[in-house]
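Letter by letter, the chains look like this.
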Amino acid sequence: MTHGNVHLRIDGAIASVTFDRPAARNAMTWAMYEALASICERLREDRSVRVVRFRGAGGEAFVAGTDIAQFESFASGEDGVEYERRIEAGMVLLESLPMPTVAVIEGWCVGGGLAIATACDFRMCTPASKFGVPIARTLGNCLSIGNVARLVAAFGGPRTLRMLLAADMLSTDEASACGYVSEVVAPAELDAASDRMCAKLAALAPFTQAVSKEMLARLRSSALPQAEDLIRRCYASEDFREGVQAFVARRSPVWRGR
């Protein structure tokens, strides 16, 4: 099944979702986010599927964020609030799939791509993969508080601060050291390694997996405060507009703090 640049294939108990926009390093368009949500809604009801694998096409990136050109139409902070609500709703759909999910990462895993990978249960990657949310350098926006909470749970507070405040990209070694990725394999071995992981997960008790996932999700989300005022403030800033304009013009942004 094909939803534009997002493809779903089901082979027995294993579903595979591919982000297929390699010329743009699989950067997500609004239509791709909508397709991902539709696929998750379908898979949620398919009891024959026991594990879902997510992967980017082309070998250069899992997903290199959201297509920034789409932000040119934003006119106010409310546009940013609505965008982050929509992204967060999609991540909740992915996170709440009852079966285990695996992100197979090759190359860049950035911004919205990192959010997708972090909403998965397991991640494996190649040695040259890179992880980050460099929005303090590139765009001047922010994440939903749900996505920030997922990053803290997966990477820890100090690494999350480095990604968000210092725009640092983390290496595979760092991602492996903190447990973010469970396996690092050579590109030529990635297919076989992901097949093995998916087969292992598909053979285990589905109710135990589903209930354990839901327990962990409730623990993560039980005390999240409201943060739409912060999102509105960031997306309404002149700096955000400067970030978008600079990206489209292929120049470095000039941050003015207003």
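In this text, all values refer to a predicted model and were calculated from it rather than measured experimentally.

Draft legend 1. Just the environment of Val102, in detail. Assignment of secondary structure puts Val102 in strand E6 (residues 101–105). Residue classification places Val102 among the buried positions, given a relative accessible area of 0%.

Draft legend 2. A look at the environment of Ser96. Mapped onto the elements, Ser96 comes out in the loop between helix H2 (77–95) and E6. Using a relative accessible area of 33% as the deciding quantity, one classes Ser96 as partly exposed. A C-alpha to C-alpha distance of 23 Å links Ser96 and Val133, two positions 37 residues apart in sequence. Of the polar contacts made by the side chain of Ser96, one reaches the backbone oxygen of Leu93; its length is 3.2 Å.

Draft legend 3. Summary view of helix H8 (residues 190–202). For H8, spanning 13 residues, the distance from its first C-alpha to its last is 18 Å, which sits close to the expected 18 Å at 1.5 Å a residue. Among all positions in H8, only Leu190, Ala193, Ser194, Met197, Cys198, Leu201 and Ala202 are buried. Buried positions in H8, seen along its axis, are confined to an arc of 165° and lie on one side of it. In this structure, H8 carries Arg196 and Lys200 as exposed residues pointing more than 90 degrees from its buried face. Along its buried surface, H8 packs onto strand E3 (14–19), strand E4 (51–56), E6, strand E8 (122–125), strand E11 (183–184) and helix H9 (206–221).

Draft legend 4. Fine view of the nonpolar core. One finds Phe19, Phe54, Phe62 and Phe131 to be the most contacted residues of the largest nonpolar core, which totals 59 residues. With eight residues, the single largest contributor to this core is helix H1 (residues 30–44). Formed by twelve residues, the second largest nonpolar core is a distinct cluster that contains Ile14, Val102, Val104 and Ala202.

Draft legend 5. Region of the structure containing the packing of aromatic side chains. The full count for this structure, using the stated rule, is 15 aromatic pairs. A ring pair is formed by Trp30 and Phe74, whose centres lie 6.3 Å apart and whose planes are at 20°; its orientation type is stacked. Note that Trp30 is positioned in helix H1 and Phe74 in the loop between strand E5 (61–64) and H2, a separation of 44 residues in sequence. Pairing Phe131 with Tyr180 gives two aromatic rings, centres 5.7 Å apart and planes at 80°, and the pair type is edge-to-face. One end of the pair, Phe131, is in strand E9 (residues 130–132); the other, Tyr180, is in the loop between helix H7 (172–177) and E11, and 49 residues separate them in sequence. Given a relative accessible area of 0%, Phe131 falls into the buried group. Its relative accessible area of 1% is what places Tyr180 among the buried residues. In this structure an aromatic cluster arises from ring pairing among Trp30, Phe71, Phe74, Tyr83, Tyr235 and Phe240. In this structure, Arg86 packs its charged tip against the face of Trp30, placed 5.1 Å from the ring centre.

Draft legend 6. Examining the pattern of salt bridges more closely. A complete count under the given rule lists 20 salt bridges for this structure. Between Arg85 and Glu82 there is a salt bridge, with its nearest N and O atoms 3.5 Å apart. Of this pair, Arg85 and Glu82 both sit in helix H2, three residues apart, which is roughly one turn of the helix. Look at Arg85 and you get partly exposed, because its relative accessible area is 42%. Taking relative accessible area as the criterion, Glu82 reaches 40% and is therefore assigned partly exposed. Arg85 is the salt-bridge partner of Glu228, the closest N and O atoms lying 2.7 Å from each other. Within this pair, whereas Glu228 is found in helix H10 (residues 228–235), its partner Arg85 is found in helix H2, the two being separated by 143 residues in sequence. Since its relative accessible area comes to 23%, Glu228 is described here as partly exposed.

Cut-offs applied
Residues numbered from 1 in each chain as written. Predicted model: local features only at pLDDT ≥ 70, side-chain atom pairs only at ≥ 80, totals over all residues. Heavy atoms only, no water. Helix = DSSP H or I, 4+ residues; strand = E, 2+ residues; numbered from the N terminus. Buried < 20%, exposed > 50% of the residue type's maximum accessible area, 1.4 Å probe, protein only. Polar contact = N/O pair within 3.5 Å; in protein donor to acceptor, adjacent residues only side chain to side chain. Expected span 1.5 Å × (residues − 1). Arc of directions from axis to C-beta. Contact = heavy atoms within 4.5 Å. Core = buried A, V, L, I, M, F, W, Y, C linked by side-chain atoms within 4.5 Å. Phe/Tyr/Trp six-rings, centres within 6.5 Å; stacked < 30°, edge-to-face > 60°. Lys NZ or Arg CZ within 6 Å of the ring centre and 35° of its normal. Salt bridge = Lys/Arg side-chain N within 4 Å of Asp/Glu carboxyl O.

From the geometry alone we can't say anything about function, so treat these as descriptive.
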